Amino acid sequence: MLSRRVYILVGLFGLAFLVLLGRLAQVQILWHDRFDLSRYTRASGNHLVETVRGGIYTRWGTPLARQVPAFDLAVSYDDLPKDEWKEQVSRLCGVPREKLEEKAQRIIRRVERIRRAVEKRTGMERVRVVEQNQAHPVVRDVPPEVAAAVRAAPEAFPGIVIHEGARREYPNGALAPHVVGGVNDLNPEQWKKVCREGRQWTGGMPLSQIGARYKMDDRIGSSGMEKEYEDLLRGRRGYVRNYLAFGLLKVEKVSREAPPEPGCDVYLTLREDFQRAANEALQRASGMPQLDFDRGALVIVDVRSGAVLAAATFPSYDLSTYRERLDEIAKDKERAPFLFRPVQAALPTGSVYKVITAIAGLEEGAITPATTFTCHRREVFEGRAFHCTGSHGTLALLEAIERSCNIYFYHTALAAGGPALTRWGRRFGLGMPTGVDFPFETTGRVPEAHATFQVINLAIGQGKLLCTPLQVANMMAAVANGGRLYRPHFFHHASNSEGEIVREQRPQFKRIALHETTLSAVREGMRLVAQKRGTARHADLERFRVAGKTGTAEQEASGLNHAWFAGYAPYENPKIAFAVVSESTTGHGGSHAAPILGMALERIWDEVERMQ
Amino acid sequence: MLRKLLKSFAGDVSWRRMPWPLPLLALALTLIGAAFIWSSHSEALALKHCIFALIGIVVFALAAIFDYRRLSGVTFLLYLLGILTLAGLWSPLGVTRNYARRWYDVGFFLVQPSEPMKLLLALALADYFRSQRRWQRLRDLVYPITITGAGMFLIVIEPDFGTALMLAPVFFGVAFLGGVRMRNLVLLVVLGVALLCAAWFTPGVMRPYQKARLISFINPEANPESSAAYNAEQAMLAVCAGGVKGQGWGRGVLNRLGRVPERHTDFIFPVIAEEWGLVRTGGMMLLQTFLIFYLGLLTLRNREPFGRLVAGGVLSLFGFQTFLHIAIGLGFAPITGLTLPLASYGGSSLLTTYAGFGLVASTRMHRDIVFSDATTG
Ligand SMILES: [Zn+2]
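For clarity, every value in this text was computed on a predicted model and none was experimentally measured.

### A few points about the pairing of strand 14 (residues 378-381) of chain A
Across a regular strand the side chains alternate sides, sitting on one face of the sheet and then on the other.
All names here are of chain A.
Right, so step 1: With 4 bridges connecting them, strand 14 and strand 15 (residues 384-387) associate as antiparallel partners. Paired with F381 across the bridge in strand 15 is R384.
Right, so step 2: In sequence, strand 14 turns back onto strand 15 through a hairpin of 2 residues, with E382 there showing a positive phi of about 50°.

Structure below.
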């Protein structure tokens with residue numbers, strides 16, 4: 001019986017192999033000549049279809065960045081170490097040979113890294129990866145004549161290929177360059193990060209998996225909105241694929257294609273008129289000796305949504321030309337044109353912080369609007385003398401804000417206590433991440449204040465306090481709107497190529513519980529600041545119905561000040577909140593910062609009034 | 001002294017009985033494999049394959065002169081050792097590649113303990129089934145099912161579904177030849193399928209890619225752009241492109257383009273088919289069939305139950321894995337990640353196969369006791 005079972009087993013195997021042989025004959029004889037197989041084996045039947053990166057626009061559609069067709073000059077991998085193409089490309093495009101050499105080395109290093117990673121992953125040796133069969137762009141955006149010359153006589157340019165690519169165009173490159181940000185070829189760190197996140201596409205993967213994945217030669221948003229909204233802007237590649245579907249009994253030709261999805265257009269909350277007015281105000285100020293302005297920022301936000309309407313920084317640059325001036329810009333270390341001051345410069349605020357001190361005093365019950373203190377220009381606390389800007393006599397809260405009396409706020413702060421002062425500052429978002437949709441936000445800090453001198457320093461915004469202009473404007477917005485601390489944002493909406501809105505910003509806020517009496521007292525005090533007796537009286541802001549607070553933070557090291565003016569307007573029905581800062585100036589908030597705001601408001605005031 | 005040692009190792013070995021076709025056929029298939037490892041991967045790897053083949057011949061010779069009957073009784077211990085080695089992969093000594101923990105690094109190559117496991121299971125099962133005559137009761141199958149299941153489990157979690165699957169034909173082959181009632185075997189097959197279904201629906205047991213492979217096999221249109229469908233299609237395209245004459249060694253377009261995945265291991269058959277064409281590939285398959293028939297002959301001629309079951313187990317393992325590897329390449333079975341025995345690159349697999357063949361040779365060269373008796377079950 002067992003012998004019979006051996007026969008059965010071997011017989012079954014014999015039968016199985018007969019079936020396999022039959023199948024092999026079916027595939028290799030019957031199906032072999034049915035198709036032009038080279039069509040399916042060569043890569044030509046399969047290719048990727050490039051997509052177009054979305055544009056970045058202001059609120060009402062002024063283009064800030066958009067994609068236009070361009071030609072890239074690429075060199076096939078095996079030719080990269082050779083010298084011939086470098087000679088030719090250098091002559092054609094006027095790029096120095098060392099630059100090309102360096103670029104070639106970079107590509108080779110990167111491909112080697114991919115190859116080693118594949119070897120490590122698979123445990124195989126001497127792997128040849130698909131990147132080694134491709135041409136890699138060495139010069140982006142070559143002139144059309146160069147592209148035409150190479151295409152007309154490819155045999156004269158061995159190894160060189162022209163790729164149809166695209167380049168970023170900046171029709172308003174100077175309007176908000178930091179906000180727009182840049183797009184770069186993936187650098188090694190970015191590529192590593194992409195790989196770590198599993199978002200890379202390598203030749204070993206089916207075409208269909210390309211989608212939104214990155215190839216080694218791809219570009220990626222590296223700063224500003226280009227980085228923040230990379231996923232929306234980028235789009236998805238499409239592909240065309242022809243293949244044979246082998247079934248049990250029949251084989252079919254299949255053609256499959258997926259069209260590319262263009263990237264979405266991103267619309268920002270920035271208004272062209274506001275942003276332009278802010279830029280020009282800073283520009284003009286830098287030309288006025290009496291303002292002694294050489295670096296600073298101006299931010300305007302919508303108090304009813306947290307939308308950033310203007311974010312100007314000085315000095316700045318133009319996206320469409322800065323590459324040529326790169327060395328010059330980079331050299332200006334002190335003024336740092338690449339620094340986006342509204343969210344990246346954290347500075348002591350000076351007396352602007354008195355608004356917080358007043359709120360803390362009122363909310364903690366340490367003072368009432370009617371509480372008075374007397375100012376004799378000088379006051380001694382725990383054996384140390386602290387000073388005021390003048391001898392203000394006996395005054396109540398409103399007047400103290402109006403005239404920015406230090407002594408009044410020393411008393412208020414000591415009555416409320418250091419922890420309350422810190423708490424209320426942070427509650428209004430100072431020294432905290434605003435959550436703004438901008439990569440690399442500087443947080444700043446509101447220090448803990450326990451010792452008397454720390455409390456006194458914090459009361460008038462000196463010492464270790466550091467805030468960004470955006471934080472200050474956002475805090476003023478919360479005062480104006482009755483305690484809603486919005487998450488400020490640059491993003492308004494994104495629409496796809498059909499014009500449908502695919503994502504929209506909804507206002508998000510944290511509510512700060514405040515008493516109505518607190519709000520009305522602080523608001524009234526700030527209204528007086530720009531009036532006849534206030535610290536900003538010389539800035540001629542009365543007709544803009546501005547409520548605000550000046551600040552002058554003294555720098556012990558340099559003897560220079562950071563001059564601030566922050567607030568909101570119009571005071572009876574607030575629409576915008578703002579913060580202006582002039583860094584390292586000889587002047588004061590009222591004399592050197594408030595006039596800059598005036599210059600900006602002059603241009604846009606009608607628009608502010610008309611804002612819904 | 002030396003003679004005594006040899007005697008205790010080899011017993012009464014009969015050199016005259018050496019089954020020459022066994023090593024010769026194996027060597028022929030190994031060389032074919034080396035040629036295509038060369039064309040699909042590299043000369044260096046092909047050379048390594050040949051070096052392993054040389055070691056394999058030594059292993060074969062040692063196993064052949066070794067008196068296999070000495071194993072009887074210690075097979076369970078050997079199997080336990082194998083289980084421990086598999087479990088030890090999870091210690092820091094184990095090496096992870098391609099997201100699977102299957103290897104030990106011993107310096108000059110990676111040892112894959114799941115490969116010898118197939119042979120150790122065949123021995124343990126053969127030892128069990130030879131010692132009793134009747135296998136009418138289901139509970140007699142508890143022990144063999146348990147040891148098979150334990151091995152499978154440890155290999156599945158590496159994860160290595162393909163190799164784990166190969167323990168099943170070992171079990172069924174030995175049990176079938178061992179005389180287990182057909183009714184019970186059918187019952188087990190049904191149970192196995194049910195278990196597979198349960199594994200499918202229990203989250204976490206099967207990896208998504210394994211499911212994708214199965215789905216794409218059953219219904220290629222379900223997701224024609226998945227990696228699984230792509231791999232299967234590229235493999236078929238390679239076979240089809242081969243035609244009757246083949247594209248010539250080293251000239252397979254799909255092979256050169258690297259479009260056939262894992263070409264020197266799991267998909268070496270499509271490479272052979274593309275470059276060699278129908279005639280020569282068919283010839284290779286005939287060699288494999290001869291080898292299976294010859295193993296069947298050795299099984300049949302052997303009257304000693306342990307030896308016969310060992311030979312049967314090796315036959316079943318080699319036959320089934322060869323069949324399934326080719327069936328996958330021809331679009332008959334879902335991708336399970338299986339090597340072609342002897343031909344695919346992989347030292348552990350090659351040495352295990354040679355050791356198995358050596359033991360089969362041993363069963364023929366040491367049959368002085370039961371030889372010529374005519375008793376049969
Ligand atoms: Zn005073």
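Anyway, onward from the coordinates.
### Some points on the packing of aromatic side chains
All names here are of chain B.
Right, so step 1: Summed over all chains, the structure comprises 29 aromatic pairs over all chains.
Right, so step 2: For the ring pair F76 and Y143, a centre distance of 6.1 Å and an interplane angle of 50° mean the geometry is tilted. Of the two residues, F76 is situated in helix 4 (residues 75-87) and Y143 in helix 6 (residues 142-156); the sequence distance between them amounts to 67 residues.
Right, so step 3: Assessed through its relative accessible area of 35%, F76 is described here as partly exposed.
Right, so step 4: Relative accessible area serves as the criterion here: at 29%, Y143 is assigned to the partly exposed category.

### Concerning empty space enclosed by the protein
To find the voids left in a structure, one rolls a probe of water-molecule size over its atoms.
Residues and elements named next belong to chain B.
Right, so step 1: All chains considered together, the criterion is met by 1 cavity of 30 Å³ or more.
Right, so step 2: Computed from the structure, the largest cavity encloses a volume of approximately 140 Å³.
Right, so step 3: L317, F318, Q321, T352 and T353 are the residues nearest the centre of the largest cavity, which is lined by 13 residues in total.
Right, so step 4: Elements with a contribution of two residues or more to the lining of the largest cavity: helix 5 (114-130), helix 14 (305-329) and helix 15 (347-365).
Right, so step 5: Residue contributions to the lining of the largest cavity peak at 5 residues, all from helix 15.
Right, so step 6: Of the residues in the lining of the largest cavity, the class split is 6 nonpolar, 5 polar and 2 charged.

### Some points on the sheet that holds strand 1 (residues 94-97) of chain B
Residue and element names in this part refer to chain B.
Right, so step 1: Taken in spatial order, the 3 strands make up an open sheet running 1-2-3, and their pairing is antiparallel. Lying at the two open borders of the sheet, with one neighbouring strand each, are strand 1 and strand 3 (110-111).
Right, so step 2: By the bridge criterion, 4 bridges tie strand 1 to strand 2 (residues 100-105) in an arrangement that is antiparallel. Note that in strand 2 the partner of R97 across the bridge is A100.

### Some remarks on the confidence of the model for chain B
All names here are of chain B.
Right, so step 1: Predicted confidence across chain B gives a mean pLDDT of 85, with 87% of residues reaching 70 or more.
Right, so step 2: Contacts of residues 369-377 to residues separated by more than four positions or lying in other chains number 9 contacts, the stretch itself having pLDDT below 50.
Right, so step 3: Reported confidence for the predicted complex is 0.92 by ipTM and 0.67 by pTM.

### Details of the coordination of the zinc ion
All names here are of chain A.
Right, so step 1: Each protein donor to the zinc ion is listed here as C375 (SG), C388 (SG), H392 (ND1) and C405 (SG); together their distances run 2.0 to 2.4 Å.
Right, so step 2: For the zinc ion, the 4 donor atoms in the first shell make angles of 102 to 115° at the metal, a pattern classed as tetrahedral.
Right, so step 3: Along the chain, the residues that donate to the zinc ion are spaced as C-x12-C-x3-H-x12-C.

### Section: the packing of helix 8 (residues 167-178) of chain B against helix 14 of chain B
Residues and elements named next belong to chain B.
Right, so step 1: Here helix 8 crosses helix 14 at 140°, and the two axes come no closer than 8 Å. By the criterion of interaxial angle, the relationship of helix 8 to helix 14 is oblique. In terms of crossing hand, the pair formed by helix 8 and helix 14 is right-handed. Each of P169, V170, G173, V174, L177 and G178 in helix 8 lies in contact with helix 14, whose residues at this interface are L309, G312, G313, S316, L317 and F320.
Right, so step 2: Counted by class, the contact of helix 8 with helix 14 contains 7 nonpolar, 5 polar and no charged residues.

Reading the values: the criteria
- Residues numbered from 1 in each chain as written.
- Chains lettered and ligands numbered in written order.
- Predicted model: local features only at pLDDT ≥ 70, side-chain atom pairs only at ≥ 80, totals over all residues.
- Heavy atoms only, no water.
- Pairing = 2+ DSSP bridges.
- Helix = DSSP H or I, 4+ residues; strand = E, 2+ residues; numbered from the N terminus.
- Phe/Tyr/Trp six-rings, centres within 6.5 Å; stacked < 30°, edge-to-face > 60°.
- Buried < 20%, exposed > 50% of the residue type's maximum accessible area, 1.4 Å probe, protein only.
- 1 Å grid on protein atoms, 1.4 Å probe; cavity = no way out; pocket = protein on both sides within 12 Å on 5 of 7 lines; lining within 4 Å.
- Points joined across faces, edges and corners; volume = space filled by probe spheres on them.
- Nonpolar A, V, L, I, M, F, W, Y, C, P; charged D, E, K, R; others polar.
- pLDDT = per-residue confidence, 0-100.
- Contact = heavy atoms within 4.5 Å.
- Donors = N, O, S within 2.8 Å, 3.2 Å for Na, K, Ca; no water.
- Tetrahedral: all angles 85-135°; square planar, octahedral: opposite > 155°, others 65-115°.
- Axes fitted to C-alpha atoms, helices over the stretch in contact; angles between N-to-C directions.
- Parallel < 35°, antiparallel > 145°, perpendicular 65-115°, else oblique.
- Left-handed = near helix turned anticlockwise from the far one by under 90°.

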